[in-house]
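Listed below, chain by chain, are the residues.
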Amino acid sequence: MAPSKKKHATRQACVIPGGYTVLSLQFDADSAAQHSVYVKEHKVRAEKTSYRPLDRTLFVLNIPPYCSESVLKDLFSQFGSVASIELRDLPGSSQESGPKLSKIFRPANKQGFKVGYIVFESSSSVAAAKSHPHDDPLVVSTEQKPVKTGVQKWIQQYTKSFIHPDKLQLTVDSFMQDYDKRLEEEAEQQRQEAEKQQDDEEGWVKVTRGHKGAKARPHSEAANQRTLQREMRKKRRKELMNFYTWQHRNTQKEHIAELRKKFEEDKQRIALMRAQRKFKPY
């Protein structure tokens, strides 16, 4: 017997305004209540990093507090292989480019509803998640992978908060190695920039030919410091010119002679202006 058309119509995805598809979550098989999450393909033009590929990333809204990253991975793995999951309090840009901290040193996550970015291995998985029917809920807690809530969850979190000293030491050593390596790379980059901007005592900078379309390199901080020191040396040499008494006396004589010369030139110019004046009242 063929299924009725009415029953077949309910096996369709529920799409709401804004392009979001509604997916139902059911905590366990015996639970009567359901929770709705809203999924949409992640398409942001400003996204330029590789953490969230535009064709393989699913944006999820209204994620309940009992759904951790591991729980979400188990839920959405039925649509395809999941590469990574990122949970955030609010939508925003992808992960920062700074040093990646271990979970041990990260601040405690805020409890509440979150948004998520689920990256699949294949773009077809995004389409499969968007076409999942609304009346077929995703079960969160199963017998094979139960999800703890309430007091059991708090006990589990409290137990995991204790860190073994050996594990903590390995994490700290790994972070410090990455930090020292990053410092060495920055120092090497600064040294290379200083060599490129190396100038001689007269202020000439060696210019090397770059590839076509390369922009001119700006002056580095080291080159600016050398230029400033060179100007200060010139200024000190000028200040020592009038150090001795005879130097000061000669400078005064030259200054007086220059003033007298300018005075005589001004007298000649005034006399010429008077001679050329046409109106003579007296």
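Below is a summary of the structure that appears in this document. Along each chain, residue indices are assigned from 1 in the same order as the chain's sequence is written. The predicted nature of this model means local features are confined to residues of pLDDT at least 70 and side-chain atom pairs, given and counted, to a pLDDT of 80 or more, with totals for whole chains, interfaces and linings taken over all residues. Calculation of side-chain values draws on the structure's entire complement of heavy atoms; hydrogens and water are dropped beforehand.

### Side note on the overall build of the protein
Operational definition: A run of DSSP states H or I qualifies as a helix once it reaches four residues; a run of E qualifies as a strand once it reaches two. Both are numbered from the N-terminal end. Buried means the residue's accessible area, taken with a 1.4 Å probe over protein chains only, is under 20% of the maximum for its type, while exposed means over 50%, and partly exposed covers the values in between. By definition, residues are in contact when any of their heavy atoms lie within 4.5 Å. Shrake-Rupley sampling with a 1.4 Å probe provides the accessible areas, and residues are treated as covered by the protein chains on show and by no other component.
Tallying secondary structure elements over the protein gives seven helices and seven strands in all. In the protein, the order of α-helices and β-strands from amino to carboxyl end is α-β-β-β-β-α-β-β-α-β-α-α-α-α. With 282 residues in all, the protein has 20% of them scored as buried. Of the contacts formed within the protein by residues at least 6 apart in sequence, a portion of 68% connects residues at least 24 apart. Surface exposure of the protein reaches about 22700 Å², of which carbon and sulfur atoms provide 55%.

### Re a negative patch on the surface
Note the following rule: Like-charged residues are merged into a patch within 9 Å and nonpolar side chains (Val, Leu, Ile, Met, Phe, Trp, Tyr) within 5 Å, provided each residue has over 30% relative accessible area and no salt bridge. We define a salt bridge as a contact between a side-chain nitrogen of Lys or Arg and a carboxyl oxygen of Asp or Glu at a distance within 4 Å. Neither His nor the chain termini are counted; the positive set is Lys and Arg, and the negative set is Asp and Glu. By convention, the point assigned to a charge is CZ for Arg, NZ for Lys, CD for Glu and CG for Asp.
Among the surface-exposed residues, Asp180, Glu184, Glu185 and Glu186 lie close enough to one another that they form a single negatively charged patch. Secondary-structure assignment places Asp180 in helix α5 (residues 165-196). With relative accessibility at 38%, the residue Asp180 sits in the partly exposed group.

### Description of the nonpolar core
Heads up, the rule is: Only buried residues count toward a nonpolar core. Its members are Ala, Val, Leu, Ile, Met, Phe, Trp, Tyr and Cys residues joined through side-chain atoms within 4.5 Å.
Membership of the largest hydrophobic core comes to 22 residues, with the highest contact counts inside it found for Leu58, Val60, Cys67, Leu75, Phe76, Ile118 and Phe120. When residues in this core are grouped by element, the largest group, four residues, is from helix α2 (residues 69-76). With residues up to four places along the chain from it excluded, the contact list for Leu58 reads Val39, Lys40, Glu41, Phe76, Gly116, Tyr117, Ile118, Phe120, Val126, Ala129 and Lys130.

### A short note on a nonpolar patch on the surface
On the surface, Ile163, Leu168, Val172, Phe175, Met176, Tyr179 and Leu183 cluster together to form a nonpolar patch covering roughly 510 Å² of accessible area. Relative to the assigned elements, Leu168 resides in helix α5.

### With respect to the packing of aromatic side chains
To keep things clear, this is the line we draw: Each Phe, Tyr or Trp ring, with Trp reduced to its six-membered ring, pairs with another whose centre is within 6.5 Å; inter-plane angles below 30 degrees give stacked pairs, above 60 give edge-to-face pairs, and intermediate values give tilted ones.
Inspection of the entire model under this criterion finds four aromatic pairs. Note on Phe27 and Tyr66: the rings are 5.3 Å apart at their centroids and 90° apart in plane angle, and the pair reads as edge-to-face. Pair noted here: Phe27 is in the loop between β2 (20-26) and β3 (35-41) and Tyr66 is in the loop between β4 (57-63) and α2, with a separation of 39 residues, a long-range link. For Tyr66, a relative accessible area of 24% gives the class partly exposed.

### As for helix α3 (residues 123-130)
Given 3.6 residues to a turn, an α-helix orients residues that are three or four positions apart in the same direction. This is how the line gets drawn: This arc is built from the directions going out from the helix axis to the C-beta atoms.
If you check which residues of α3 are buried, you get Ser125, Val126 and Ala129. Buried residues along α3 cover an arc of 105° about the axis, so they all sit on one side. Next to the buried residues of α3 lie β2, β3, β4 and β6 (114-120).

### Quick notes on the environment of Ala29
Checked against the element boundaries, Ala29 lands in the loop between β2 and β3. Residue classification places Ala29 among the exposed residues on the basis of a relative accessible area of 64%. Sequence separation between Ala29 and Val140 is 111 residues, and the spatial gap between their C-alpha atoms is 8.8 Å.

### Overview of unusual backbone geometry
Both trends apply: most residues other than glycine have a negative phi, and most peptide bonds are in trans. One non-glycine residue, Asn62, lies in the positive phi region at around 65°. Note that Asn62 resides in strand β4.

### Considering the environment of Glu86
Note the cut-off: Pairs of N or O atoms are called polar contacts if they sit within 3.5 Å, as long as, within protein, a hydrogen donor faces a hydrogen acceptor (for residues adjacent in sequence, only side-chain-to-side-chain pairs).
Relative to the assigned elements, Glu86 resides in strand β5 (residues 82-88). Between the C-alpha atom of Glu86 and that of Val119, which follows or precedes it by 33 residues, the distance is 8.6 Å. At a separation of 3.2 Å, a polar atom in the side chain of Glu86 contacts the side chain of Arg52.

### What to know about the pattern of salt bridges
By the definition in use, this model includes seven salt bridges. Here Glu41 ties to Lys130 by a salt bridge, and the two come within 3.8 Å at their closest N and O atoms. With Glu41 in strand β3 and Lys130 in helix α3, this pair connects stretches of sequence that are 89 residues apart. Ionic pairing is found between Lys114 and Asp89, a salt bridge with its closest N-O pair at 2.6 Å. With Lys114 in strand β6 and Asp89 in the loop between β5 and β6, this residue pair connects regions lying 25 residues apart in the sequence. Asp89 gets classed as partly exposed once you look at its relative accessible area, which sits at 38%. Taken together, the shared-partner salt bridges in this structure form one network comprising Arg52, Glu86 and Arg88.

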